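# Results of the structural survey
One-letter residues, chain by chain:
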Amino acid sequence: MEQQATQRRFAVMGENLFRILNKLITNQRLCRLLKYQNEDPFSKELPDVDGLELINNSICITPKIPEKDGKETAYVMVVFDRFIVNTNNPDFKISTVRFDIACPYNEWVVNNSNLRPYLIMQEIDTMFNQAKMSGIGNLQFVSSSALTLSPHLGGYSMLYSINEFN
């Protein structure tokens, strides 16, 4: 018996990840920050980035660090995390969307005026904080914490809460 894809089913979470992925790959500023590992990723000398080429390389929707032949590059990983029942209203469940942002430490500085992880975080926050996404619901920023992955790679993990039908 086939069940309808609704927020009541975990199967819809994959579709929701693809909705988030689509927003990420169409943000040119984010794509430039991820692809161009130099001090000026916004240079007019550099061509625009086709976000599709970043999927499974710099933008991942599976909880696996991309393998880069020994070369560490910037990436964003998106996963749904921590599903719990809302104690105030058991008809709803609360889940978290986690964005893990990691960059090589030697590529953190951008134009001697900002840091790449913060610029990436700003793009993500602008797209998703307080956003109402079809099929997902309202996203609300919860917290961010430092992420150290190796002596050469680190960044931040950002959490957004979602209230959805159970």
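A brief report on the enclosed structure follows. (Residues numbered from 1 in each chain as written. Predicted model: local features only at pLDDT ≥ 70, side-chain atom pairs only at ≥ 80, totals over all residues. Heavy atoms only, no water.)

Each helix and strand counted, the protein chain has 3 helices and 8 strands in total. For the protein chain, the proportion of its 166 residues judged to be buried stands at 46%. Restricting to contacts in the protein chain with at least 6 residues of sequence separation, those with at least 24 account for 57%. Accessible surface, the protein chain as shown: approximately 9,300 Å² in total, 51% of it carbon and sulfur. (Helix = DSSP H or I, 4+ residues; strand = E, 2+ residues; numbered from the N terminus. Buried < 20%, exposed > 50% of the residue type's maximum accessible area, 1.4 Å probe, protein only. Contact = heavy atoms within 4.5 Å. Areas by Shrake-Rupley, 256 points an atom, 1.4 Å probe, with all protein chains shown as cover.)

Our focus in this paragraph is unusual backbone geometry. Even without glycine at this site, Asn56 takes up a positive phi of about 70°. With respect to the secondary-structure elements, Asn56 resides in the loop between α2 (28-35) and β1 (59-60). Look at Gln130: it is not a glycine, yet its phi comes out positive at around 65°. By secondary structure assignment, the location of Gln130 is in the loop between α3 (116-128) and β6 (132-133).

Here we come to helix α1 (residues 12-25). Given a rise of 1.5 Å per residue, 14 residues ought to cover 20 Å, and the 20 Å separating the end C-alpha atoms of α1 matches this to within 8%. Every buried residue of α1 is listed here: Val12, Met13, Asn16, Leu17, Ile20, Leu21, Leu24 and Ile25. (Expected span 1.5 Å × (residues − 1).)

In this section: the pattern of salt bridges. One pass over the full model with this rule turns up 5 salt bridges. Close ionic contact of Glu123 with Arg29 constitutes a salt bridge, the shortest N to O distance being 2.9 Å. Within this pair, whereas Glu123 is found in helix α3, its partner Arg29 is found in helix α2, the two being separated by 94 residues in sequence. For Glu53, the salt bridge goes to Lys35, with nearest N and O atoms at 2.5 Å. Note that Glu53 is positioned in the loop between α2 and β1 and Lys35 in helix α2, a separation of 18 residues in sequence. You can call Lys35 partly exposed: its relative accessible area is 36%. Counted as one network, the salt bridges with shared partners bring together Asp81, Arg98 and Asp100. (Salt bridge = Lys/Arg side-chain N within 4 Å of Asp/Glu carboxyl O.)

What follows covers the side chain of Ser150. Within the fold, Ser150 resides in the loop between β7 (137-148) and β8 (153-165). For Ser150, a relative accessible area of 18% translates into the label buried. There is a polar contact of 3.1 Å between the side chain of Ser150 and the backbone nitrogen of Leu153. Residue contacts for Ser150: discarding those within four places in its chain leaves Glu72 and Tyr105. (Polar contact = N/O pair within 3.5 Å; in protein donor to acceptor, adjacent residues only side chain to side chain.)

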